[in-house]
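Coordinates in review
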Amino acid sequence: MLTRPSAAAPGMSLVELMVVVTIATILMLLAVPSFGRWAQNSRTRSVAEVLQNGLRMAQAESARRSRQVMFTLTDAPQLNAVPSVTGKSWSMQTVPLLGAEAGEFIQGAALGNASANVVVTAANAVVIFNSLGRLTGPVSANTYEITNNAGDRPLRVTVNLSGQIRMCDPAQTLATSATGC
């Protein structure tokens, strides 16, 4: 008479379960530093995008109103905002046509996560677009550097004389990457 071998009970043994938990813990410990760096770089990109969108909005408003519009990097978004090359906000207003006329405040906003280790520095805190969307002041192109004390990927937003607004990665060159500076 033939006897069948007994079938093993379904499920996992305690040793197998401990091996799986140990491997999962090791993988999570390896991923945590990368996730933190990703979060910091995401904050940097968020601030750069808010700055770039504010500049594009000022450029569009200048064309829409057929007037000069001043974009100011500042600490408080308001009419006649005090320029700050390390500001945490931006402000947009029309440039007065006559000496007695006051400029009109259009819009302003905070730079999002600019307080969460993200620092914005500019060559000039004020950019003025003419009615064609081109720079009228300052005379040269303007550059905004966005860095993060805890991240590893700085970004740069540039405004050239023709009014082109571009975000790029200063760690790469334009010859090797479309996102390079």
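Everything numeric in this text was worked out from a predicted model, so none of it was measured.

1. Here's the deal with the pattern of salt bridges
Taken as a whole and assessed by the stated rule, the structure comprises 6 salt bridges. Among the salt bridges present, the one from Arg-65 reaches Glu-104, with a minimum N-O distance of 3.2 Å. Remark: Glu-104 occurs in the loop between strand S2 (89–94) and strand S3 (105–110) and Arg-65 occurs in helix H1 (residues 14–65); sequence separation between them is 39 residues. Judged by relative accessible area, Arg-65 falls into the partly exposed class, the value being 25%. Taking the relative accessible area as the measure of exposure, Glu-104 reaches 40% and is therefore partly exposed. Members of the salt-bridge network, linked through shared partners, are Glu-61, Arg-64, Arg-65 and Glu-104.

2. Brief notes about the sheet that holds strand S8 (residues 155–159)
As summarised here, the arrangement of the 4 strands in space is S4-S7-S8-S9, forming an open sheet in which the pairing is antiparallel. Of all the strands in the sheet, the pair left with one neighbour each is strand S4 (118–122) and strand S9 (165–168). Here the strands of the sheet are splayed against their neighbours by 15 degrees on average, with no regard to which way each runs. With 5 bridges joining them, strand S7 (residues 142–148) and S8 adopt antiparallel strand pairing. Bridge pairing in S8 links Ile-146 to Leu-155.

3. Focus on the pairing of S9
Here 4 bridges tie S8 to S9, and the two strands are oriented antiparallel to one another. If you follow Thr-158 over to S9, its bridge partner there is Arg-166. In textbook terms, the turn of a hairpin is the stretch between consecutive antiparallel strands, and for S8 and S9 this stretch comprises 5 residues, one of which, Gly-163, has a positive phi near 100 degrees.

4. Re the nonpolar core
Counting 26 residues, the largest nonpolar core has Leu-51, Leu-55, Leu-73, Phe-129, Tyr-144, Ile-146 and Val-157 as its most contacted members. Listing elements by their share of this core, those giving two or more residues are H1, strand S1 (69–74), S2, S4, strand S5 (126–129), S7, S8 and S9. Here Leu-51 is in contact with Phe-71, Leu-73, Leu-111, Val-120, Tyr-144, Ile-146 and Val-157, once residues within four sequence places are set aside.

5. Some thoughts on the environment of Leu-55
Relative to the assigned elements, Leu-55 resides in helix H1. Residue class for Leu-55 comes out buried when judged on its relative accessible area of 0%. Along the backbone, Leu-55 and Val-127 are 72 residues apart, and their C-alpha atoms lie at a distance of 8.6 Å. Here Leu-55 is in contact with Phe-71, Phe-129, Tyr-144, Val-157, Val-159 and Ile-165, once residues within four sequence places are set aside.

6. Some words on unusual backbone geometry
Positive phi is not limited to glycine here, since Ser-66 has a value of about 55 degrees. Relative to the helices and strands, Ser-66 resides in the loop between H1 and S1. Using a relative accessible area of 54% as the deciding quantity, one classes Ser-66 as exposed.

Cut-offs used in this document
- Residues numbered from 1 in each chain as written.
- Predicted model: local features only at pLDDT ≥ 70, side-chain atom pairs only at ≥ 80, totals over all residues.
- Heavy atoms only, no water.
- Salt bridge = Lys/Arg side-chain N within 4 Å of Asp/Glu carboxyl O.
- Helix = DSSP H or I, 4+ residues; strand = E, 2+ residues; numbered from the N terminus.
- Buried < 20%, exposed > 50% of the residue type's maximum accessible area, 1.4 Å probe, protein only.
- Pairing = 2+ DSSP bridges.
- Axes fitted to C-alpha atoms, helices over the stretch in contact; angles between N-to-C directions.
- Core = buried A, V, L, I, M, F, W, Y, C linked by side-chain atoms within 4.5 Å.
- Contact = heavy atoms within 4.5 Å.

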